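Structure assessment
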Amino acid sequence: MLSLLLSLSVRAFAAEELLTLDTALSADGSTVTVTVKLNQKTLAESMGITYTYESDVVEPIRDQHEWLLDSTLDDFSTTDDRGVWAVTDPREIQGDVAKLVFRVKSGAKAGNAN
């Protein structure tokens with residue numbers, strides 16, 4: 001089994017840790033879904049996610065990434081590692097906000113992928 005933990009870059013103006021990621025276990029050739037969660041109620045009208053991963057271990061399946069929130073505008077890029085979400089009026093959000101899907105590359109060594 002391969003343990004997969006992705007890193008996520010988010011600009012937030014708060015001292016607390018606002019976002020967390022699931023830790024996933026997987027094997028060669030399988031897919032892994034990682035849920036991005038907002039830990040506390042936050043008033044927001046837009047959000048951007050940029051994610052990084054070990055490209056020799058996993059590859060993103062970008063057309064399966066999705067926002068889990070209602071929105072006026074939401075998109076994940078099909079060519080690079082980012083997504084945007086926006087609404088016309090600020091709203092309180094908390095909990096699951098997005099899912100990212102990756103395929104574990106064949107021959108990937110067991111261990112942690114960040």
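Rules behind the numbers
Residues numbered from 1 in each chain as written. Predicted model: local features only at pLDDT ≥ 70, side-chain atom pairs only at ≥ 80, totals over all residues. Heavy atoms only, no water. Helix = DSSP H or I, 4+ residues; strand = E, 2+ residues; numbered from the N terminus. Buried < 20%, exposed > 50% of the residue type's maximum accessible area, 1.4 Å probe, protein only. Polar contact = N/O pair within 3.5 Å; in protein donor to acceptor, adjacent residues only side chain to side chain. Pairing = 2+ DSSP bridges. pLDDT = per-residue confidence, 0-100. Contact = heavy atoms within 4.5 Å. Phe/Tyr/Trp six-rings, centres within 6.5 Å; stacked < 30°, edge-to-face > 60°. Core = buried A, V, L, I, M, F, W, Y, C linked by side-chain atoms within 4.5 Å. Salt bridge = Lys/Arg side-chain N within 4 Å of Asp/Glu carboxyl O.

**What about the environment of Tyr 51?**
You can see Tyr 51 is positioned in strand β5 (residues 31-52). Residue Tyr 51 is classed as buried on the basis of its relative accessible area, which comes to 1%. Between the C-alpha atoms of Tyr 51 and Gly 83, which are 32 residues apart in sequence, the distance is 8.9 Å. At 2.9 Å, the side chain of Tyr 51 forms a polar contact with the side chain of His 65.

**Structural notes on the pairing of strand β8 (residues 73-76)**
The pairing of β8 with strand β9 (residues 82-104) spans four bridges and is antiparallel. Note on β9: the bridge partner recorded for Phe 76 is Gly 83. Connecting β8 to the next strand, β9, in antiparallel fashion are five residues.

**Some points on the confidence of the model for the protein chain**
Taken as a whole, the protein chain shows an average pLDDT of 78; of its residues, 70% reach a score of 70 or greater. Taking the mean pLDDT of every element in the protein chain, the minimum, 41, falls on strand β1 (residues 2-4) and the maximum, 94, on strand β7 (residues 66-67). Low pLDDT, under 50, characterises residues 1-15; the stretch is placed with 50 contacts to residues that sit more than four places away or in other chains.

**Some words on the packing of aromatic side chains**
Per the counting criterion, the structure on display carries four aromatic pairs. Considering the side-chain rings of Tyr 51 and Phe 102, the 5.8 Å spacing of their centres and the 90° angle between planes classify their relative orientation as edge-to-face. Of the two residues, Tyr 51 sits in strand β5 while Phe 102 sits in strand β9, which places them 51 residues apart along the sequence. The buried category is assigned to Phe 102, whose relative accessible area is 0%.

**As for the nonpolar core**
By size, the foremost hydrophobic cluster in this structure holds 22 residues, and its most contacted members are Met 47, Trp 67, Trp 85, Ile 93, Val 97 and Ala 98. Sorting the residues of this core by element identifies β5 and β9 as the ones contributing at least two each. What Trp 67 contacts, discounting residues up to four positions off in sequence, is Met 47, Ile 49, Asp 74, Asp 75, Phe 76, Gly 83, Val 84, Trp 85, Val 97 and Ala 98.

**What about the pattern of salt bridges?**
Opposite charge on two side chains lets them pair, provided their charged atoms get close. Scanning all chains against the criterion turns up four salt bridges. A salt bridge links Arg 103 to Glu 59, with the shortest nitrogen-to-oxygen separation between them at 3.5 Å. One end of the pair, Arg 103, is in strand β9; the other, Glu 59, is in strand β6 (residues 58-60), and 44 residues separate them in sequence. In this structure, Arg 62 engages Asp 81 in a salt bridge whose closest nitrogen and oxygen atoms are separated by 2.6 Å. Separated by 19 residues along the polypeptide, Arg 62 in the loop between β6 and β7 and Asp 81 in the loop between β8 and β9 bring together distant segments of the chain.

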